[in-house]
Protein chains: 2
Amino acid sequence: MENRKQAILRAVVHEFTTNAVPVGSQALQSRYFVNLSSATIRSELAELADLGYLAQPHTSAGRVPTDSGYRYFVDFLMDLEPIPDRVQTYIRDELKAAPGDVEGMVERVAMTVAAVTQNASVASAPQGTLARIKHLDLVSLEPKEVLLILLLEGNLLRQQVVNTSEPATQADLTRLTAQFNASLSGRASDEARRHYDGAPLGLEKELLGRVIAVLDMYEKGTENLVVHDGVRNLLRQPEFAESSRVHQVLEVLEETRYLTVLLRQLIGESDLQIVIGSENTSSRLQGCAVVLTTYGPSDRLKGVVGVIGPTRMAYSQTVARLQAVARGASDRMAELGV
Amino acid sequence: MENRKQAILRAVVHEFTTNAVPVGSQALQSRYFVNLSSATIRSELAELADLGYLAQPHTSAGRVPTDSGYRYFVDFLMDLEPIPDRVQTYIRDELKAAPGDVEGMVERVAMTVAAVTQNASVASAPQGTLARIKHLDLVSLEPKEVLLILLLEGNLLRQQVVNTSEPATQADLTRLTAQFNASLSGRASDEARRHYDGAPLGLEKELLGRVIAVLDMYEKGTENLVVHDGVRNLLRQPEFAESSRVHQVLEVLEETRYLTVLLRQLIGESDLQIVIGSENTSSRLQGCAVVLTTYGPSDRLKGVVGVIGPTRMAYSQTVARLQAVARGASDRMAELGV
DNA sequence: TTTGGCACTCTCGCTCCGAGAGTGCTGAAA
DNA sequence: TTTCAGCACTCTCGGAGCGAGAGTGCCAAA
């Protein structure tokens, strides 16, 4: 596409994303192309419309980018907006104050992304394929009731009340704790399974069974953590003035089970994914754009974090800030050994 | 107030809460008072309006309950709606599936309340004045990095990464763990403070300091957990058709710090509190009603759970179901020893 | 290829109007 | 004294009509 057409498309996108009003040839002329006449711009606009990149809400209105228009913009025209110092500091401070466990970090990441992009955000927890036990603890609650505490890789704490068939004293449990820690800590879940198979019947096997159940749940992702934040930001946008639009988005966000799959699937192999309007498979996200990237302490452990907003979104700003948060979170997690 | 006036007020409230349309004399006559003429009902309506219990959106519209109308209704006319078996089962199942820790339970309670009342819900965690340590654990991460795990009353797990000034082996830590557990477990936080004062300088004092910090944070309520759910339910109501109304409510709900104070303050000493429209101190909750009750495993540990919805709310249903969930949660928590 | 000029189209906000719903009042009946 | 039928009145709501304004597409000239 010729340079000038690109420049005009870029201008239309920029203008529309900031003002939310269809942009006409005169506005473009006075603000972007002073040395062109509005008639010239009009004919360019008409051609861009023929190419499918622009549309008119009605015959005598200005132009609005179509989904393909946005697509062309993010693929070829967008350059990342530099992040103001104020925002960078904010991101750093927020992440520094994050707690030392994965779950707390995921929430913090979602919060921060929502705040700096002024849209809704969604984040899933980094998750390896095999859970690793870092530490294990057994606490006697009642004679036949034991609290099992598991510390997994990522400083993830899991607890479960186990009703044992035989009574056990705290001393018994302390002994078992030492034994389990010696054989299991630092090991992946398959090690626990091997021990389980080899264990004699009784308390030991009972408890190992529950350990495995917890690990399983984590690995199978049935307890996969997905959080979202910043829906209130959407309410500020004119495209969400009728609350039914918000309702649709909320429905997607609150359907946690589906969402976690969706995120993994969307992100695929790439490190940055932008899904615009009709490209969304879910009809409830029509009119919305989703920007996703990955984050995590290592290549093995990657979570997904993303922004959901109207297609009329400041993509260059959103992408820059989203990536900044993702990078910051990854660094912080590596640093914390999470 | 005469019986008939009461009956009419009750009918107006009932009719309006179900249809969200101002109710006229004819509608009342045909559906509730077949043996009265609409003219008679009209004069009663006029008197109820004079008393301040009803209002007209405009001269020739039907009547709508005022805030005082709702107030009179909940104080004198409301009788709790029986809860269908289906709903009772749902509540029981949801609570049964709740995890064995306070935080998980709070979330479950909020979710369940939102689901059965079809409004937004909010819940704060039960909190005693003094934190009790149930169990403590120390895990070596790096030579000079220790993960402190605290199990508090209510099966609340707290963790913190501690950077120690001197290196410590896991054996050192295991020894300290045993010592701490012997002296602290089952004890309130003041015991920890006494030990801290008496402890010699070094690793022991360092770690005890962090234990106290965690307990402090919990007791001072700076980390007070408040969750909310079901905002999407509000979006279904006509009074929230303009999204700015939702926005205001969301702002209140997301201001967690303020909310926890507000809840405690609103509930005061009573066990059921209903705040209707203008009775709310927050201007952002105008047009909204808040129904609150307490729940928790014991008299010492009480949290607050509530419903937020339009003033046009099915009070008799809301109150009944809210109380049912609160009772169920209390029982379940007592049972779990949370 | 660009540009000024011009006719054309469509929205938006405004007013006007009639239908419909619901009220308040009045005078008579119970 | 209460109830009620009848009636005039008020107000909303939706649709129609209209003018202003914004923006376009096209054309002929530079």
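Structure shown above.
Predicted model, so just to flag it, every value in this text is computed and none were measured.

Things to note about the sheet that holds strand β3 (residues 120-124) of chain B
All names here are of chain B.
- Taken in spatial order, the 5 strands line up as β7-β3-β10-β9-β8 in an open sheet, and their pairing is antiparallel. Of all the strands in the sheet, the pair left with one neighbour each is β7 (226-229) and β8 (272-276). In this sheet, neighbouring strand axes are inclined to one another by 15 degrees on average, regardless of whether the strands run parallel or antiparallel.
- Alignment of β8 against strand β9 (residues 288-295), held across 5 bridges, turns out to be antiparallel. Among the inter-strand pairings, Q273 is bridged to a residue of β9, identified as L292.
- Running over the sheet, helix α6 (residues 102-117) touches β3, β7, β9 and β10 (303-310) and is turned about 155 degrees from β3.
- Contacting β8, β9 and β10, helix α13 (residues 315-336) runs over the sheet at an angle of about 25 degrees to β9.

Considerations on unusual backbone geometry
Residue and element names in this part refer to chain B.
- Phi is positive for Q118, close to 55 degrees, though the residue is something other than glycine.
- With respect to the secondary-structure elements, Q118 resides in the loop between α6 and β3.
- The phi angle at N155 is positive, at roughly 50 degrees, despite the residue not being glycine.
- Mapped onto the fold, N155 is located in the loop between β5 (145-152) and β6 (156-163).

Let's talk about the pattern of salt bridges
- On inspection of all chains with the given rule, the structure shows 40 salt bridges over all chains.
- The partner of R194 of chain B in a salt bridge is E191 of chain B, and the shortest N-O contact between them spans 2.6 Å. Here R194 of chain B pairs with E191 of chain B, and both are found in helix α8 (residues 189-198), just 3 residues apart, close to one helical turn.
- Owing to a relative accessible area of 53%, R194 of chain B belongs among the exposed residues under this scheme.
- Look at the salt bridges and you will find they share partners, linking E2, R4, K5, E44 and E47 of chain A into a network.

Thoughts on the relation of the copies chain A and chain B
- Taken as rigid bodies, chain A and chain B are interconverted by a rotation of 180 degrees and an axial shift of 0.0 Å, the fit giving an RMSD of 0.1 Å. The two molecules are tied by a two-fold rotation axis, judged by turn and shift. For chain A, the residue whose C-alpha comes nearest the rotation axis is S243 of chain A, separated from it by 2.5 Å.
- A share of 100% of the interface residues of chain A reappears at the interface of chain B, consistent with the copies meeting face to face through the same patch.

Here's the deal with the interface of chain A and chain B
- Contacts between the two partners involve 26 residues from chain A and, on the opposite side, 26 residues from chain B.
- Note on chain A versus chain B: buried area summed over both sides is about 2,400 Å², and carbon and sulfur give 62% of it.
- Taken as a group, L157, Q159 and L235 of chain A account for 21% of the area that chain A buries against chain B, more than any other trio of residues on that side.
- Close ionic contact of R232 of chain B with E254 of chain A constitutes a salt bridge, the shortest N to O distance being 2.4 Å.
- Scanning the region where chain A abuts chain B turns up 12 residue pairs in polar contact (both at pLDDT 80 or more).
- Put simply, the parts of the chain that give the side of chain A that touches chain B at least two residues each are β4 (133-142), β5 (145-152), β6 (156-163), α10 (231-235) and α11 (243-254) of chain A.
- Split into classes, the residues belonging to the side of chain A that touches chain B amount to 13 nonpolar, 5 polar and 8 charged.

Some points on the sheet that holds β5 of chain A
Residues and elements named next belong to chain A.
- Ordered by their spatial adjacency, 3 strands build an open sheet running β4-β5-β6, and the pairing between neighbours is antiparallel. Among the strands making up the open sheet, the edge pair consists of β4 and β6. Each strand of the sheet is rotated relative to its neighbour by a mean of 20 degrees, with strand direction disregarded.
- As defined by bridge partners, β5 adjoins β6 across 8 bridges and the pair is classed as antiparallel. For L152, the partnering residue across the bridge sits in β6 and is L156.
- Its contacts with the sheet place helix α7 (residues 170-184) against β4 and β5, and it is angled at close to 170 degrees to β4.

Observations concerning the packing of helix α1 (residues 3-19) of chain B against helix α4 (residues 67-77) of chain B
Residue and element names in this part refer to chain B.
- Where α1 meets α4, the axes come as close as 10 Å, and the angle between the chain directions of the two elements is 115 degrees. In terms of axis orientation, α1 runs roughly perpendicular to α4. In this structure, the crossing between α1 and α4 has a hand that is left-handed. Judged by residue contacts, Q6, L9, R10, V13, F16 and T17 of α1 engage G69, Y70, Y72, F73 and L77 from α4.

Re the protein's contact with DNA strand C
- In the neighbourhood of DNA strand C, 20 residues make up the surrounding shell, with T40, T59 and S60 of chain A together with S25 and R63 of chain B lying closest.
- For DNA strand C, a phosphate oxygen lies 3.0 Å from a polar atom in the side chain of R4 of chain A.
- A distance of 2.9 Å is found between a phosphate oxygen of DNA strand C and a side-chain nitrogen or oxygen belonging to R63 of chain B.
- Breaking the surface near DNA strand C down by element, the ones donating at least two residues are α3 (38-50) of chain A together with α3 (38-50) of chain B.
- Per element, the largest residue contribution to the surface near DNA strand C is 3 residues, and it comes from α3 of chain A.

Considerations on the packing of aromatic side chains
Residue and element names in this part refer to chain B.
- Applying the stated rule across the entire model yields 8 aromatic pairs over all chains.
- Ring centres of Y53 and Y72 lie 5.1 Å apart, and the angle between their planes is 50 degrees; this geometry places the pair in the tilted category. Of this pair, Y53 sits in the loop between α3 and β1 (54-55) while Y72 sits in helix α4, and the two are 19 residues apart along the sequence. The same class applies to Y53 as to Y72, namely buried.
- Ring centres of Y72 and F76 lie 4.7 Å apart, and the angle between their planes is 55 degrees; on these two criteria the pair is classed as tilted. Here Y72 and its partner F76 are both found in helix α4, 4 residues apart, which amounts to about one turn of the helix.
- Accessibility expressed as a relative area gives 11% for Y72, which makes it buried.

Topic: the protein's contact with DNA strand D
- In the vicinity of DNA strand D lie 20 residues, with S25 of chain A together with R4, S37, T40 and T59 of chain B positioned nearest.
- Restricting the count to atoms of DNA strand D within 4 Å of the protein gives a sugar and phosphate share of 74%.
- One nitrogen or oxygen atom from the side chain of R42 of chain A is found 3.1 Å from a base nitrogen belonging to DNA strand D.
- A distance of 2.7 Å is found between a phosphate oxygen of DNA strand D and a side-chain nitrogen or oxygen belonging to T40 of chain B.
- Contributions of two or more residues to the surface near DNA strand D are made by α3 of chain A together with α3 of chain B.

A short note on helix α11 (residues 243-254) of chain B
- Counted at 1.5 Å a residue, the expected span for α11 of chain B with its 12 residues is 16 Å, and the 16 Å between its end C-alpha atoms agrees.
- Residues of α11 of chain B that are buried include every one of S243, R245, V246, H247, V249, L250, V252 and L253 of chain B, and no others.

Side note on the pairing of β5 of chain A
All names here are of chain A.
- Taken across its 8 residues, β5 has 8 buried, putting it largely inside the fold.
- Taking every second residue as pointing to the same face, both faces of β5 are buried, with E145, L147, I149 and L151 on one and V146, L148, L150 and L152 on the other.
- Here β4 pairs with β5 via 8 bridges, running antiparallel. Looking at β5, one finds that L138 is bridged to L148.
- What sits between the antiparallel neighbours β4 and β5 is a turn of 2 residues.

About the thresholds
Residue positions are given per chain, counted from 1 along the sequence in the order it is written. Chain letters start at A and ligand numbers start at 1, both assigned in the order the entries are written. Whole-chain, interface and lining totals are the exception, using all residues; otherwise, since this is a predicted model, local features are given only for residues with pLDDT of at least 70 and side-chain atom pairs are given and counted only at 80 or more. Neither water nor hydrogens contribute to the side-chain values; these are computed over all heavy atoms in the structure. At least two bridges found by DSSP between two strands are what make those strands a pair. By the criteria applied, helices consist of DSSP H or I runs no shorter than four residues and strands consist of E runs no shorter than two, each listed in order from the N terminus. The axes are straight lines fitted to the C-alpha atoms, using for helices just the contacting stretch, and the angles between their N-to-C directions are given from 0 to 180°. A contact between two residues is defined here by any heavy atoms of the two lying within 4.5 Å. Salt bridges are defined as contacts in which a side-chain nitrogen from Lys or Arg sits within 4 Å of a carboxyl oxygen from Asp or Glu. Burial classes follow relative accessibility: with a 1.4 Å probe on protein chains only, a residue under 20% of its type's maximum area counts as buried, one over 50% as exposed, and anything between as partly exposed. Superposition of the copies was done by least squares, using only C-alpha atoms of residues whose pLDDT is at least 70 in both. Buried surface area refers to the total accessible area, computed with a probe of radius 1.4 Å, that the two partners give up upon joining, counted for both partners together. Each polar contact in these results corresponds to two N or O atoms within 3.5 Å; when the atoms are within protein, one needs to be able to donate a hydrogen and the other to accept it, and residues that are neighboring in sequence are counted only if both atoms are side-chain atoms. Ten residue types, Ala, Val, Leu, Ile, Met, Phe, Trp, Tyr, Cys and Pro, are classed as nonpolar, four, Asp, Glu, Lys and Arg, as charged, and the remainder, Gly among them, as polar. Roughly parallel refers to an angle under 35 degrees, roughly antiparallel to one over 145, roughly perpendicular to one between 65 and 115, and oblique to any angle outside these ranges. In this scheme the handedness of a crossing depends on how the near helix is turned from the far one: anticlockwise by less than a right angle means left-handed, clockwise means right-handed. We call a residue near a molecule or strand when any one of its heavy atoms sits within 4 Å of it. Two rings belonging to Phe, Tyr or Trp (six-membered ring only in the last case) form a pair when the distance between their centres is within 6.5 Å. Interplanar angles under 30 degrees mark stacking, angles over 60 mark edge-to-face geometry, and anything in between is tilted. A helix's residues, less one, multiplied by 1.5 Å, set its expected span.

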